[in-house]
Amino acid sequence: MGSLFRSEEMTLCQMFLQSEAAYACVSELGELGLIQFRDLNPDVNAFQRKFVNEVRRCDEMERKLRYLEKEIKKDAILMHDTGESPEAPQPREMIDLEATFEKLENELREVNQNAEALKRNFLELTELKHILRKTQVFFDEMAGPSREDEQVTLLGEEGLRAGGQALKLGFVAGVILRERIPAFERMLWRACRGNVFLRQAEIESHLEDPVNGDRVFKSVFIIFFQGDQLKTRVKKICEGFRATLYPCPEAPADRREMAMGVMTRIEDLNTVLGQTQDHRHRVLVAAAKNVKNWFIKVRKIKAIYHTLNLFNLDVTQKCLIAECWVPVMDIETIQLALRRGTERSGSSVPTILNRMDSTEDPPTYNRTNKFTGAFQNLIDAYGVASYREVNPAPYTIITFPFLFAVMFGDIGHGLIMFLFAAWMVLREKPYLAKKSTNEIWNIFFAGRYIILLMGIFSVYTGFIYNDFFSKSLNLFGSSWKVHFNESTYLNNKNIQLHPYYNYDGTPYGFGLDPVWQLAENKIVFTNAFKMKISIIFGVLHMLFGVGLSLWNHAYFKKQISIYCEFIPQVIFLSFLFLYLAFLMILKWMLYGPVPDDDAANFPSSPACAPPILIMFINMILFKDSEPLLNCVSPFMYFGQNGIQRLLVLVAVACIPWMLLGKPISIMKEQKQEHQLLANNHANAAGENGDAGVNPQVAVTPVASKHEEHDIGEIFIHQGIHTIEYVLGSVSHTASYLRLWALSLAHAQLSEVLWHMVLRNGLIYESWYGGIVLWMIFALWAVLTVAILVLMEGLSAFLHTLRLHWVEFQSKFYMGQGYAFTPFSFEVILETAAASTDD
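Criteria and thresholds
- Residues numbered from 1 in each chain as written.
- Predicted model: local features only at pLDDT ≥ 70, side-chain atom pairs only at ≥ 80, totals over all residues.
- Heavy atoms only, no water.
- UniProt positions renumbered as here; feature names shortened; annotations may be inferred.
- Helix = DSSP H or I, 4+ residues; strand = E, 2+ residues; numbered from the N terminus.
- Rg over C-alpha atoms; globule rule 2.2 N^0.38 Å.
- Buried < 20%, exposed > 50% of the residue type's maximum accessible area, 1.4 Å probe, protein only.
- Contact = heavy atoms within 4.5 Å.
- Areas by Shrake-Rupley, 256 points an atom, 1.4 Å probe, with all protein chains shown as cover.
- Salt bridge = Lys/Arg side-chain N within 4 Å of Asp/Glu carboxyl O.
- 1 Å grid on protein atoms, 1.4 Å probe; cavity = no way out; pocket = protein on both sides within 12 Å on 5 of 7 lines; lining within 4 Å.
- Points joined across faces, edges and corners; volume = space filled by probe spheres on them.
- Pairing = 2+ DSSP bridges.
- Axes fitted to C-alpha atoms, helices over the stretch in contact; angles between N-to-C directions.
- Parallel < 35°, antiparallel > 145°, perpendicular 65-115°, else oblique.
- Nonpolar A, V, L, I, M, F, W, Y, C, P; charged D, E, K, R; others polar.
- Polar contact = N/O pair within 3.5 Å; in protein donor to acceptor, adjacent residues only side chain to side chain.
- Arc of directions from axis to C-beta.

The protein is annotated in an unreviewed UniProt entry as V-type proton ATPase subunit a from Bemisia tabaci. The annotation that UniProt attaches to the protein under Subcellular location (unreviewed entry) is "Membrane". The UniProt entry for the protein carries the following text under Sequence similarities (unreviewed entry): "Belongs to the V-ATPase 116 kDa subunit family."

Put into structure tokens, the structure is as follows:
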């Protein structure tokens, strides 16, 4: 539990592994996921490391598995996934895996090549079948008397010179893609100058491309011409348009005989193709049962050899040396894992794990679960905590949804958010196993526990505001009573209720009284209430952040920071802005309803309540406040003016305290350390001189408590820090007014949707009123979810995020660390699966 409030204590360890046991030990550590290895060969090229050949073999196995996976998906075969993670295979099993993958790949490639050749033959025979069918019609048309004039025109003068003897026309037949027919026809006409005759007919059914399996639509054509020159030209044009030419006998008997032979061959090819596809399907089904496990095994092997490449070899080449960051709490667990790995490998020499001293900053490791992990991600998105720094995540679990709910307070909207998050939480196991690739869904699902708490807190603040889809709930009975007779409030639209006469003195049971929903001055009342509440919450939130800085200073034993930073910061913030919050609460407590006829005699009359903002400005400017009209005193308690001036003077005095206290203290300590070091040198030199020993050799330096810094740099850094805190205290306090602004905007938007949309569905009394109401309610529901829940929810979320990152965490959080990234098979496999899905 300690790591939730502060990161885990880490230590740098050195590990000595026997070469034969290194693979098994690293495999056990990968399953454990608690060690971050350092690269001890940063200057060695990746291609020159010891286990580069093994990594290449793994890459080749992965390539073959991806080919298998692609073929399995192509046939829409379901890959079996048990959800289990098999252990990393032993090095000797790599040979068996390689042989299996090689055999499967070769067999699949051979089957695919045979299938492609068969499909190509099938396509050719199918096209030839259509040519033989379609050309029969063409030949019949050309043999008719109606075509004689066209033949004469086609033959031209050469036909006339032949002495009237009948000349035979040459022809070519083939198929071409249907979309190329118009261009093909124009090219023939232009290139052959109209001396060819083209006939074409569409093939009704689609054909399958043997290479990629796409559907293609083609047409049969036949071109009649006369002469070898035109024949050559026609064939070149067909070749340019990638038309396929087929032999077509001229005699009808030969065409029928060829058609019968083609049909027989097509039937035989269908049989062979079916058998080939069945064999391919059986191979893929068998492979689909193991592909997932094979991927896991290969990726684990590859990760192990990548990690082994980070290690150093000793002089004897029999021992591997590694350095790693380890959580101190898990050292025993890691040693047990190393012992298991050594036993698995059969080695008789145990693996040695030694702790090392290091001046390097360790990585930051916060243990999380599925609930706290989402909030920790919010913090880490701003910056990973410095080592052993206070972790804001556990406090954010409460403050984040609460500040969100202050802006989003509505029972109905919070209930929608809560139900959606509860559904995701209850269904989290199947959705985690499904591993969706939808990025927006993954964002919502990852933050399901944040949304759940935001919904719960929004329902709570909705009851405080008594706001349910812009309407109030009268659960306990209003504390305001109307004492007028019936005719008075029926004949007067605006009737004011006086607090002294119409309020029974007992507050509403929980939250705002529902009568405020009907009041004309509702916005004036809620506006003042929410604005003051925002300032109070903001000051308390910032003070809590400053208080956490004390925990940091105490843990790192920075006494100077406690006395010269924390104390003046608390005084400055408390004496100014906490006092402002105190005045707001005091005003609520002191001033109440009084009778109109004797208001001047009541110092607690609301008319005598001083404006807090004016009072605070006068306090800062040292101006005397003037009493309001018919009021005795401008102050709320005795001695207020003197106390306020004292508070301002002390707060202003804290500024030079913050600015100069720490640098001067560091200067004094460094000066004392230098003096002490000089005295030690002098004493050691005197003693060694008496003994006749070289003093330069015998002197032992004294360690300094502080790093040596330039004094100017210290003053500049502290000056920036002081200015940032002082100005930030003002701007950050004002920044919390966004709680008031967004809450008011959310309530008004909800009310606008009610009056402009849903209310219109309630004015119809006829039979069709139910239909109209149903339609308008659907529109209202869509707008409510889209605008008030999603858009307003996202806006409130981002504003809450800013309040935590800037206003809260800036008081104590440095965020200059780096995350602990252990060698973990689980993380590696999840990353690989995500990259594959993308």
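Still more to cover.
Take the overall build of the protein next. Of the regular secondary structure elements, the protein holds 28 helices and eleven strands. Against the 2.2 N^0.38 benchmark of 28 Å for 838 residues, the protein shows a C-alpha radius of gyration of 43 Å, more extended than a compact globule. By its C-alpha atoms, the protein is 135 × 115 × 50 Å across when sized along the principal axes. Evaluated residue by residue, the protein yields a buried proportion of 43% over its 838 residues. Pairs at least 24 apart in sequence give 81% of the contacts found in the protein among residues at least 6 apart. Split by element, the accessible area of the protein, about 46,400 Å² in all, is 59% carbon and sulfur.

Right, let's talk about the pattern of salt bridges for a bit. As enumerated under the stated definition, the model contains 30 salt bridges in all. Residues R38 and E360 are paired through a salt bridge, measuring 2.8 Å at the closest nitrogen-oxygen approach. One end of the pair, R38, is in the loop between β2 (36-37) and α3 (52-74); the other, E360, is in the loop between β11 (352-356) and α12 (372-382), with 322 residues separating them in the sequence. What makes E360 partly exposed here is its relative accessible area of 33%. The salt bridge partner of E60 is R63, with a shortest N-O separation of 2.5 Å. One end of the pair, E60, and the other, R63, are both in helix α3, three residues apart, so they sit about a helical turn from each other. A network of salt bridges, in which partner residues are shared, links D59, E62, R299 and K302.

This paragraph deals with empty space enclosed by the protein. Under the defined criterion, the tally for this structure stands at one cavity of 30 Å³ or more. The calculated volume of the largest cavity comes to roughly 150 Å³. Contributions of two or more residues to the lining of the largest cavity are made by α20 (522-555) and α26 (738-756). Top contributing element to the lining of the largest cavity by residue count: α20, with four residues.

Let us now look at the pairing of strand β3 (residues 170-177). With seven of eight residues buried, β3 is to be regarded as a mostly interior element. One ladder, built from eight bridges, connects β3 with strand β7 (residues 218-225); its direction is antiparallel. Within β7, the residue paired with G174 across the bridge is F221. As paired strands, β3 and strand β8 (residues 244-246) are joined by three bridges and run antiparallel to one another. Paired with G174 across the bridge in β8 is L245.

Within the chain, R242 stands out as a residue other than glycine whose phi angle is a positive 55°. Note that R242 resides in the loop between α8 (228-240) and β8. Even without being a glycine, R388 presents a positive backbone phi close to 65°. With respect to the secondary-structure elements, R388 resides in the loop between α12 and α13 (393-408). Residue class for R388 comes out buried when judged on its relative accessible area of 15%.

Put simply, α26 and helix α27 (residues 769-808) touch, their axes get as near as 11 Å, and they point 180° apart. Judged by the inter-axis angle, α26 sits roughly antiparallel to α27. In this structure, α26 contributes R738, L739, L742, H746, L749, S750, L753 and W754 to the contact, and α27 contributes W780, L783, T784, L788, E792, S795, A796, H799, R802 and L803. Grouping the amino acids of the contact of α26 with α27 by side-chain chemistry returns ten nonpolar, five polar and three charged.

Looking at the secondary structure, you find T342 in helix α11 (residues 331-345). Overall, T342 belongs to the buried group, its relative accessible area being 7%. There is a polar contact of 2.8 Å between the side chain of T342 and the backbone oxygen of L338. Contacts of T342, omitting those with residues within four sequence positions, involve A21, C25, S347, V349, P350 and T351.

Another aspect to go through is the UniProt feature "transmembrane region" (unreviewed entry) in the protein. UniProt's entry tags residues 402-426, 446-465, 533-554, 566-590, 643-660 and 767-791 with the feature "transmembrane region" (unreviewed entry), counted in the numbering of this structure. The span residues 402-426 shows a helical share of 92% and a strand share of 0%, and its end C-alpha atoms are spaced 23 Å apart. For the annotated span residues 533-554, helix accounts for 100% and strand for 0% of the residues, and the straight-line distance between the end C-alpha atoms is 32 Å.

So, on to helix α22 (residues 612-621). For α22, the set of buried residues is I612, M615, F616, N618 and M619. Summarising the axial view, the buried residues of α22 lie within an arc of 160°, below the 170-degree limit, and thus occupy one face. Facing away from the buried side of α22 by over 90 degrees, the exposed positions are L613 and L621. Looking at the residues trailing α22, positive phi occurs at F622, about 60°.

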